[in-house]
Amino acid sequence: MINEQQIERIARDFAILDQLAPSEAPLIYLDNAATTQKPAVVINAISNYYRHYNANVHRGAHFLSEKATVAFEQARNTIAQWLGAAASEEIIWTKGTTEAINLVANSWGRCALAPGDLIVLSEMEHHANIVPWQLVAEATGARIAAIKLTADFTLDQAHYRQLLEQKPKLVALAHVSNTLGTINPIKQMVAQAKAAGAVTLVDGAQAVSHLSVDVQQLDCDFYAFSGHKVFGPTGIGVLYGKKALLDAMPPWQGGGEMITQVSFAGTSFNRLPFKFEAGTPNIAGAIGLAAAVRYLQSLDTNALELNQKTQFNAIFDWLQQESRITLFSRREDNVGIVSFALNGEHHQDIGTLLDQQGVAVRTGHHCTMPLMNVLGVKGTVRASLSIYNRAEDVAGFIRAMEKVLSILD
């Protein structure tokens, strides 16, 4: 049973939600797939770093640097344990999912891929898991094939098995679609890819705030996510990689921190994870992300899952019964994202009318243009739920949509 008081207490941890939109309507934030809001403990952790022990890490001989280094590496340990990594050195700090995938593409991909090698993606991928591989494919002569989407917004597993028969070198897939909300059977798909001899990368940007992720259980080679999708700050992300692969990969960026010795005769590189962390890192971001993870771990995840499912079903049911609305999401195996179109109307107009009533949603192609082509639309309206969304948010969204329908009738 949902404890509404618990959800209300969680919502109060996010001060930004307690405000009115420019229209004087209460803010209803349903753009969580784009970025989640930040609880007070995250904001305080970042502020505390800058107020009390702001210093560069690993390099200083003074107490501020030592304190910053301890907090920074403790943050890495927190993420490693949360993801189920075998060791903290398998956790590489990045700016986000995009940089993490680019790191793998440019370090592993440019060394491992050769002319004719197959890279398997899917039609539901975010641009961040398409464009880096296109660039590497152009440079190496590799080729790309995409798993087809089925009519019920899942990946065509029969087509996937056909592609695996071609012995791809890499399979890179979204754990969850940022546009459709579909949860892919990623453990099964990773196992099939590995049986075919492929290296596997999972884009976990939309999964980590909704699902329990254990990278050793998934047995993926790489897993990437962004901090701002899981209640942490922007500009920080994580690449998990198996140690044997990371050890074998060359550095991607050069500079300070990623070296042990530099001379004009040659340079030797630092050990993991520092080999891939050139320059001053986002120290505050890492500390803030660890605070976000600890916050999430302190909550009753079963209650949150039940609440989110209840609110999602309410939105889905209302949209489904409206004859003028076309849904581009499925109810089953969904993290709480619903994409839809109002027939004959531009998606941006819907978003504007909702915004005028204090409802924040996302409109457009959601960085999934190939998926939009498959769906046969230019863009959709996307409402995405998170842990702080309450029944009153859903009721407000439905009232706002009813007004939209009446205006555009």
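Residues numbered from 1 in each chain as written. Predicted model: local features only at pLDDT ≥ 70, side-chain atom pairs only at ≥ 80, totals over all residues. Heavy atoms only, no water.

A. Highlighting the pattern of salt bridges. Across all of its chains, the model carries 15 salt bridges by this definition. The salt bridge partner of Arg390 is Glu8, with a shortest N-O separation of 3.1 Å. Taken as a pair, Arg390 in the loop between β15 (380-384) and α14 (391-407) and Glu8 in helix α1 (residues 4-12) lie far apart in primary sequence, 382 residues in all. The class for Arg390 is buried, based on a relative accessible area of 15%. One salt bridge connects Glu392 with Arg390, and the closest N-O pair in it is separated by 4.0 Å. Since its relative accessible area comes to 48%, Glu392 is described here as partly exposed. Where salt bridges share partners, they join Glu8, Arg390, Glu392 and Asp393 into one cluster. (Salt bridge = Lys/Arg side-chain N within 4 Å of Asp/Glu carboxyl O. Helix = DSSP H or I, 4+ residues; strand = E, 2+ residues; numbered from the N terminus. Buried < 20%, exposed > 50% of the residue type's maximum accessible area, 1.4 Å probe, protein only.)

B. Spatial organisation of unusual backbone geometry. In this structure, the amide linkage connecting Leu272 to the following residue, Pro273, adopts the cis form with an omega of 0°. Here Pro273 shows up in the loop between β10 (266-269) and α10 (283-297). A positive phi is found at Phe153, a non-glycine position, where the angle reads about 65°. Here Phe153 lies in the loop between β4 (143-147) and α6 (157-164). For Asp333, which is not a glycine, the phi torsion comes out positive at approximately 50°.

C. Quick look at the side chain of Glu125. Structurally, Glu125 is set in the loop between β3 (118-122) and α5 (131-140). We note that Glu125 is buried and unpaired, the nearest opposite charge coming from Lys229 at a distance of 13 Å. Polar contacts involving the side chain of Glu125 include one to the side chain of Ser122, which spans 2.6 Å. Engagement of the side chain of Glu125 in a polar contact is seen with the side chain of Asn129, the distance being 2.9 Å. Those residues in contact with Glu125, other than ones at most four positions away along the chain, are Ile130, Ala172, Leu173, Ala174, Cys367 and Thr368. (Lys, Arg positive; Asp, Glu negative; His and termini not counted. Polar contact = N/O pair within 3.5 Å; in protein donor to acceptor, adjacent residues only side chain to side chain. Contact = heavy atoms within 4.5 Å.)

D. Broad picture of the nonpolar core. Leu83 and Tyr223 are the most contacted members of the largest nonpolar core, which has 82 residues in total. No other element matches the eleven residues that α10 contributes to this core. Excluding anything up to four places from it in sequence, Leu83 contacts Ile91, Val213, Asp214, Val215, Phe225, Val238 and Tyr240. (Core = buried A, V, L, I, M, F, W, Y, C linked by side-chain atoms within 4.5 Å.)

E. Quick look at the sheet that holds β3. Spatially, β2-β8-β7-β6-β5-β3-β4 is the arrangement adopted by the seven strands of the open sheet, whose pairing is mixed. Two strands in the sheet have a free side with no partner beyond their single neighbour: β2 (91-94) and β4. Direction aside, neighbouring strands of the sheet carry axes that sit 20° apart on average. Two strands pair when backbone bridges link them, and β3 and β4 are joined in this way by five bridges, in the parallel orientation. Bridging across to β4, Val120 finds its partner in Ala145. Packed onto the sheet, helix α7 (residues 186-195) meets β4, β5 (170-174) and β6 (199-203) and runs at close to 160° relative to β6. (Pairing = 2+ DSSP bridges. Axes fitted to C-alpha atoms, helices over the stretch in contact; angles between N-to-C directions.)

F. How the structure looks around the packing of α6 against α7. At their nearest, the axes of α6 and α7 sit 10 Å apart, and the two run at 20° to each other. Between α6 and α7, the angle is such that the two are roughly parallel. Classified by chirality, the crossing of α7 by α6 is right-handed. Between α6 and α7, the residues in contact are Gln157, Tyr160, Arg161 and Leu164 and Gln188, Met189, Gln192 and Ala193, respectively. Class assignment for the residues of the contact of α6 with α7 results in four nonpolar, three polar and one charged. (Parallel < 35°, antiparallel > 145°, perpendicular 65-115°, else oblique. Left-handed = near helix turned anticlockwise from the far one by under 90°. Nonpolar A, V, L, I, M, F, W, Y, C, P; charged D, E, K, R; others polar.)

G. Broad picture of helix α4 (residues 97-112). For α4, which comprises 16 residues, the first-to-last C-alpha distance of 21 Å matches the rise-based estimate of 22 Å (1.5 Å per residue) to within 8%. The principal kink in α4, of about 25°, is found at Ala105. Those residues of α4 not exposed but buried are Thr97, Glu99, Ala100, Ile101, Asn102, Leu103, Val104, Ala105, Ser107, Trp108 and Gly109. (Expected span 1.5 Å × (residues − 1). Bend = angle between axes of the 7 residues up to and from the residue.)

H. Structural context of the sheet that holds strand β11 (residues 325-327). Spatial ordering of the open sheet is given by β11-β12-β15-β14, a layout of four strands whose pairing is antiparallel. A single partner strand is all that each edge strand has here, and the edge strands are β11 and β14 (362-364). The average angle at which neighbouring strand axes cross in this sheet is 30°, direction not considered. The pairing of β11 with strand β12 (residues 337-342) spans three bridges and is antiparallel. Bridge assignment links Thr326 to a residue of β12, and that residue is Ala341. On the sheet, helix α11 (residues 301-321) packs against β11 and β12 and is oriented at approximately 20° with respect to β12.

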